[in-house]
Amino acid sequence: MKPSERLNVTVVGTGYVGLTTALALAYLGHRLQCVDKNPEIVEKLDRGISTIYEQGLEELLTDTRNQISFNGSLPECLDQNTDVLIIAVGTPSKENGDTDLCYVEEVAREIGRNLLPEKPLVVVNKSTVPVGTARRVDTVIREELERRQVEGKFSVTSNPEFLREGSALHDTLYPDRIVVGSEEVWSVNILRQMYAPILSQDFTPPRAVPRPESMGLPALVTTTPTSAELLKYTANAFLAAKISFINEIAGLAEKVGADIKEVARGVGLDHRIGSAFLNAGAGWGGSCFPKDTRSLLHTARQYGYEMPLTSAAVEVNRRQRMKIIEKLQESLKVIRGSTIGILGLSFKPNTDDIRESPAIEVMGELLELGARVKAYDPVAMDKYRNTYPEQDINYAASVEETAQNSDALVLLTDWEQFIHAPWKDIAPTMRHPIFIDGRNLLQPESMRQWGYQYLGIGRPTGSGFINSLNIT
Ligand SMILES: NC(=O)c1ccc[n+]([C@@H]2O[C@H](COP(=O)([O-])OP(=O)(O)OC[C@H]3O[C@@H](n4cnc5c(N)ncnc54)[C@H](O)[C@@H]3O)[C@@H](O)[C@H]2O)c1
């Protein structure tokens, strides 16, 4: 990157989105300052230790050491050089489904209190926020400037993030599109400059995050802040609905004796539909789909508008969690006093994020029903233990230890490691080799051959005419 193209960027909030964005931009050649109000996070990142589990982050922390700094105070990171300030703080749900914007507003107030009059600043809303938030951030900054009796030039733009945890750096460096919602051309141009290496893909990929072979150039979608804000929720609600849709069909597949994996494959090959997000299972979780569907429904309620499809997607997802419990009840009959082994605590593989993970509800319900619960996850156990100390879980050191003397195993996260566990040797160590595959990860025929009573989601149970044909 030529020195004239280099921007000074401050990122506020160094969680999954903020840290990934900051490291990617630093790698591409910009100068980055990162702010987080959590001193433990700042201290660790400053020592080059990643605070989240994401492939490639630690390597990039080392590679970008000279381009990036970490700080606990926003005023110290907002100086006459700052061109862009990215807000990437959390936007959790309130009780009523509304989005809690207190962290975003806190940052907006701090910007207003510290904005330098002589330097134009692009303020970027990267956090997922309901329609009207760009305008709200603008108002809060203006209020503070008025209080100070200072004139400042700034432009609030909406730049929603679409990265997936588990492949966050990959998605940031090689996105399908970048969306910029702004009312002003100058701020769009600055963001075009900030994202130029990604838009042209003219950078050398980091060792840990290679460029996909068949990648086309990402699109830059420029629009209004309101459309950009709605666009983000639309994308998440659509993906959540796609998963709920296949889960709804999976329920019917169980009734009629069809195999949802084969149904989904045949359906997904239609390019109008696509095969992604057509995996039946224990349902979606994580820090985005649950809160973003709630937020979208809340916005619709504020306008007196019904959204039956999104509401149904949420309801199907809730039902999907309970399916796991029902399957255990059907196969074990009595849950009280049984030992159930849970495999997978993160809401999806390759991340340590446990927010709204199926494990929380499933294990909570099992404990409520009087079961003894053992659990194992390759990376998320410490986080789970610290976040839910009230759940009386026995944490195991391996899949084998989880299975030992268990009455049933329930797989809730499709970690690749679980595919390669020595299932044949594990079956005899269980009290009852009941296996509920909440992600349809394993091969039913092999599992049954090794003695498991294997139950997937939307898959034939192993008895009956169709299965005896042994179709592969
Ligand atoms: N996680 C994802 O996969 C993902 C994907 C797309 C969009 N998003 C959206 O991005 C936003 C951030 O999500 P996340 O998962 O990175 O959140 P996170 O909880 O991992 O990180 C948020 C960080 O912000 C910090 N913070 C909060 N208030 C602050 C303040 N006033 N000053 C400085 N730091 C502050 C917190 O300490 C925390 O480290 C959310 O709106 C989320 O919906 C997340």
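Procedures and definitions
Residues numbered from 1 in each chain as written. Predicted model: local features only at pLDDT ≥ 70, side-chain atom pairs only at ≥ 80, totals over all residues. Heavy atoms only, no water. Buried < 20%, exposed > 50% of the residue type's maximum accessible area, 1.4 Å probe, protein only. Helix = DSSP H or I, 4+ residues; strand = E, 2+ residues; numbered from the N terminus. Contact = heavy atoms within 4.5 Å. Phe/Tyr/Trp six-rings, centres within 6.5 Å; stacked < 30°, edge-to-face > 60°. Pairing = 2+ DSSP bridges. Right-handed = clockwise from strand over helix to strand, strands pointing away.

*Asks:* Please explain helix α14 (residues 358-368) as it appears in this structure.
*Replies:* The periodicity of an α-helix, 3.6 residues per turn, causes residues three or four places apart in sequence to face the same way. All buried positions along α14 are accounted for by P358, A359, I360, V362, M363 and L366. The elements touched by buried residues of α14 are α13 (308-332), β9 (339-343), β10 (372-376), α15 (381-387) and β11 (393-395). Where α14 ends, the next residue or the one after it, G370, has phi of about 95 degrees, a positive value.

*Asks:* Explanation requested: the packing of aromatic side chains in the structure shown.
*Replies:* When we look at a pair of aromatic rings, we describe it by the centre distance and by the angle of the planes. Following the criterion strictly, the structure yields 10 aromatic pairs and no others. The interplanar angle of 75 degrees and the centroid separation of 6.2 Å between the aromatic rings of W284 and F289 together place this pair among those described as edge-to-face. Pair check on accessibility: W284 and F289 agree, each one buried. Each ring, one from F435 and one from Y454, has its centre 6.1 Å from the other, and the planes form 15 degrees; the classification is stacked. Taken as a pair, F435 in strand β13 (residues 434-437) and Y454 in strand β14 (residues 453-455) lie far apart in primary sequence, 19 residues in all.

*Asks:* Can you walk me through the pairing of β13 in this structure?
*Replies:* The side chains of a regular strand alternate between both faces of the sheet. A two-sided burial pattern is seen for β13, the buried positions comprising I434 and I436 on one face and F435 and D437 on the other. When strand β12 (residues 408-411) meets β13, the two strands line up parallel, connected through four bridges. Across the sheet, L409 pairs through a bridge with F435, a residue of β13. The sheet contact formed by β13 and β14 spans three bridges and is parallel. By the bridge assignment for β14, F435 is matched with Y454. In this view, the connection linking β13 to its parallel neighbour β14 by way of helix α19 (residues 444-449) has right-handed handedness.

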